[in-house]
Every structure is written in C-alpha cells, then in structure tokens.
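Residue-level listing of the chains:
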There are 2 protein chains.
Amino acid sequence: MSRVSCAACKYQRRKCTSECVLAPYFPANQPKKFQNAHRLFGVRNMVKILDELKDEDQKSDAMKSIIFESDMREKFPVYGCVECISYLRQQLQITLQELQDVQSQLEFYRQQHPTATYPNFDR
Amino acid sequence: MSRVSCAACKYQRRKCTSECVLAPYFPANQPKKFQNAHRLFGVRNMVKILDELKDEDQKSDAMKSIIFESDMREKFPVYGCVECISYLRQQLQITLQELQDVQSQLEFYRQQHPTATYPNFDR
C-alpha cells in the first residue's frame, strides 16, 4: 500500500517512510504549518530537538510549541511569540492594577462598616 | 586596527568584518547567547530574518526576540517560550478570578450601604 507523503517530505520531494520522525506533526493537508516551521527552524534543528527527547508526549509537546512559535513568527515577523508574551504581561498588569483598586474600595467599605459580613467572606 | 570577532564569527571560525550583520547582537564576551540562537535557528535563518527587515530598530527587536526564544528553549527544552505564555495565561486567569471575587464582595457592600461613598469612586 502506498504511503501518503507528509508535508515535510512532500516539500523536500523525498519519499516518506514509516520511519519519518516529522510525519506525525506535519500532515500532508497542512503544508503551511510545515513551511512556517521549516522557514524558522529548518528540518535539521527540528529533528535534533526530537532526537534529544525520549518521551513521545514530550516530543509531541515540543513540536506543538515549535509549530506555535513558527506560526507566531509568520504573523509577527519582528516579535514572533514575544508579541503574545508582551500582550499577556500587559493584560496581567492592567488586571493587577484593577484588582488593587477594587481591593482599596473594599477595604474602605470594610472600615466604614466593620460589622457587615459577606456570605463567602472567609472562604 | 584589528577587529574583535563577534561570538557568531568566533564560533564559525571566520573573520568578522564590518559587514557582519550578526556582530551587533552577539558580542564576543557572550558566546552562550549565540550558541543558543545558533542551535535553535541556525545562522542562515537568523540572517534571513534580518534581511527581510529594513528598519534598524525592527532588526534589533527581531534579534532580541530570537535570542529570548533561544534562551527559553535552552531553559525549557520541551515548551520553549510557550512555558512563559502558559505561566502568564495561568496568572491572568487567577487574577481575573480574584478580581471577580473582590468585585462581588464590593457589590455586596454597596447594596448593603448604598449611601456610602468612596473617595475615588467614580474616577
């Protein structure tokens, strides 16, 4: 039975065998996913990362993170996934500031009305 | 006057000229920084990223993000900088939940004491 080449082997125009370590992560019908990863890391570096991990789940997680970084680099050519990190840091800062503000307001109410109790107050 | 080879040229054992595009980002005294970036992306891919950006500030920001991603991959071989993204997402979730809780408590006090005013309440 003939084997469908994965996107990595298809791109490199080589025969995809059952030993192809990239095949599980780059299905033939998602060529863009491989192109982005190949463009940013190169096949050799991806294979090296896989070779250094023994556990199958770790290999899979590593490839997911590699593909995520590649897709982010395509989307944000200057910052890559640091764009995502900056956004999250900013959101966290805003939320922490808001939390501090609301806590100050709550503290004010507590001091004004020390006898009031909140149903789930001390959970 | 002889020019000190940057970490990239030193690693590749080649002469570092004034045209070396990697020299500004990989000083000779920080070889680890280059090794991590070289290991994850390879020199060719880094040069390609730089070539595609025209603005010097963008080139510099791109290299900072590349170096950050490389250092994260060294630190977290499976998740790379996705480790950082997951941590921030988790912190944001926790903080949003806490904010919601404190807002509920505040809302309770407001309903119990509708005439009370907070100094910076409506800012």
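Just so we're clear, the structure is a prediction, and the values are computed from it rather than from any experiment. (Residues numbered from 1 in each chain as written. Chains lettered and ligands numbered in written order. Predicted model: local features only at pLDDT ≥ 70, side-chain atom pairs only at ≥ 80, totals over all residues. Heavy atoms only, no water.)

Visitor: What is the right way to read a positive patch on the surface from this model?
Guide: A contiguous patch of positive charge on the surface is contributed by Arg 44 and Lys 48 of chain A together with Arg 44 and Lys 48 of chain B. Elements represented by at least two residues in the positive patch include exactly α3 (43-51) of chain A together with α3 (43-51) of chain B. Topologically, Arg 44 of chain A is positioned in helix α3. (Patch = residues over 30% accessible without salt bridge, like charges linked within 9 Å, V, L, I, M, F, W, Y side chains within 5 Å. Areas by Shrake-Rupley, 256 points an atom, 1.4 Å probe, with all protein chains shown as cover. Salt bridge = Lys/Arg side-chain N within 4 Å of Asp/Glu carboxyl O. Lys, Arg positive; Asp, Glu negative; His and termini not counted. Charge placed at Lys NZ, Arg CZ, Asp CG, Glu CD. Helix = DSSP H or I, 4+ residues; strand = E, 2+ residues; numbered from the N terminus.)

Visitor: Got a minute to help me understand the packing of aromatic side chains in this structure?
Guide: The geometry of an aromatic ring pair is captured by two quantities: the separation of the ring centres and the angle between the planes. One pass over the full model with this rule turns up eight aromatic pairs over all chains. Ring centres of Phe 26 of chain B and Phe 34 of chain B lie 5.3 Å apart, and the angle between their planes is 80°; this geometry places the pair in the edge-to-face category. For the pair Phe 26 of chain B and Phe 34 of chain B, one class covers both residues: buried. By the ring-pair criterion, three or more aromatic residues cluster together here, those being Phe 108 and Tyr 109 of chain A together with Phe 108 and Tyr 109 of chain B. (Phe/Tyr/Trp six-rings, centres within 6.5 Å; stacked < 30°, edge-to-face > 60°. Buried < 20%, exposed > 50% of the residue type's maximum accessible area, 1.4 Å probe, protein only.)

Visitor: Looking at this structure, I do not really get the pattern of salt bridges. What am I missing?
Guide: Should the charged atoms of two oppositely charged side chains come close, the side chains can pair. Counted under the stated rule, the structure contains eight salt bridges over all chains. Between Arg 39 of chain B and Glu 52 of chain A there is a salt bridge, with the nearest N and O atoms lying 2.7 Å from each other. Pair noted here: Arg 39 of chain B is in helix α2 (residues 31-40) and Glu 52 of chain A is in the loop between α3 and α4 (56-75), and the two residues belong to different chains. Glu 69 of chain A serves as the salt-bridge partner of Arg 73 of chain B, at 2.8 Å between the closest nitrogen and oxygen. Here Arg 73 of chain B, found in helix α4 (residues 56-75), pairs with Glu 69 of chain A, found in helix α4, and the two come from separate chains. Accessibility expressed as a relative area gives 7% for Arg 73 of chain B, which makes it buried.

Visitor: I tried to follow the interface of chain A and chain B on my own but got confused; where do I start?
Guide: Where interface size is given, it is often the accessible area lost as the parts come together that is meant. Across the boundary between the two partners, chain A contributes 50 residues, which contact 50 residues of chain B. Carbon and sulfur atoms make up 65% of the surface buried where chain A meets chain B, a total of about 4,700 Å² over both sides. At the junction of chain A with chain B, the criterion picks out four salt bridges. In this assembly, chain A and chain B are joined by 18 residue pairs in polar contact (both at pLDDT 80 or more). Counting only elements with at least two residues in the side of chain A that touches chain B, the list comes to α2 (31-40), α3, α4 and α5 (82-112) of chain A. Take the side of chain A that touches chain B: its biggest share by element is 20 residues, from α5 of chain A. Its residues assigned to classes, the side of chain A that touches chain B shows 26 nonpolar, 13 polar and 11 charged. (Contact = heavy atoms within 4.5 Å. Buried area = accessible area lost by both parts, 1.4 Å probe. Polar contact = N/O pair within 3.5 Å; in protein donor to acceptor, adjacent residues only side chain to side chain. Nonpolar A, V, L, I, M, F, W, Y, C, P; charged D, E, K, R; others polar.)

Visitor: For this particular structure, what's the right way to read the relation of the copies chain A and chain B?
Guide: Two copies of the chain are present, and they differ by a rotation about an axis and a shift along that axis. For the pair chain A and chain B, the superposition axis carries a translation of 0.1 Å, the fit reaches an RMSD of 0.1 Å, and the rotation angle comes to 180°. Seen this way, the second copy is the image of the first under a two-fold rotation axis. A shared binding surface is used by both copies, with 100% of the interface residues of chain A retained as interface residues in chain B. (Least-squares fit on C-alpha atoms with pLDDT ≥ 70 in both.)

Visitor: Would you explain the UniProt feature "domain: LOB" (unreviewed entry) in chain A in this entry?
Guide: Mapped onto the present numbering, the UniProt feature "domain: LOB" (unreviewed entry) falls on residues 4-106 of chain A. In residues 4-106 of chain A, the share of helix is 67% and the share of strand is 0%. The end C-alpha atoms are 63 Å apart. (UniProt positions renumbered as here; feature names shortened; annotations may be inferred.)

Visitor: Hey, could you run me through the nonpolar core in this one?
Guide: The nonpolar side chains of soluble globular proteins are, as a tendency, buried together. Core analysis: the biggest nonpolar cluster contains 48 residues, and Leu 22, Phe 26 and Met 46 of chain A together with Leu 22, Phe 26 and Met 46 of chain B have the highest contact counts within it. Looking at this core, the elements that each hand over two or more residues are α1 (7-11), α2, α3 and α4 of chain A together with α1 (7-11), α2, α3 and α4 of chain B. Filtering out sequence-adjacent residues up to four positions away, Phe 26 of chain A remains in contact with Cys 6, Ala 7, Ala 8, Lys 33, Phe 34, Ala 37, Met 46, Met 63 and Ile 67 of chain A. Core analysis: the next-biggest nonpolar cluster, separate from the first, contains 12 residues, Met 72, Cys 81 and Leu 92 of chain A together with Ile 85 of chain B among them. (Core = buried A, V, L, I, M, F, W, Y, C linked by side-chain atoms within 4.5 Å.)

Visitor: It is not clear to me how the state of the cysteines should be interpreted in this structure. Could you clarify?
Guide: Here a disulfide denotes one covalent bond, and it connects the sulfur atoms of two cysteines. All told, the structure shown has zero disulfides over all chains when counted by the stated rule. The thiol of Cys 16 of chain A is not disulfide-bonded; the next cysteine sulfur, from Cys 9 of chain A, is found 3.7 Å away. With no disulfide of its own, Cys 84 of chain B lies closest to Cys 81 of chain B among cysteine sulfurs, the gap being 7.0 Å. Cys 84 of chain B gets classed as buried once you look at its relative accessible area, which sits at 16%. (Disulfide = S-S within 2.5 Å.)

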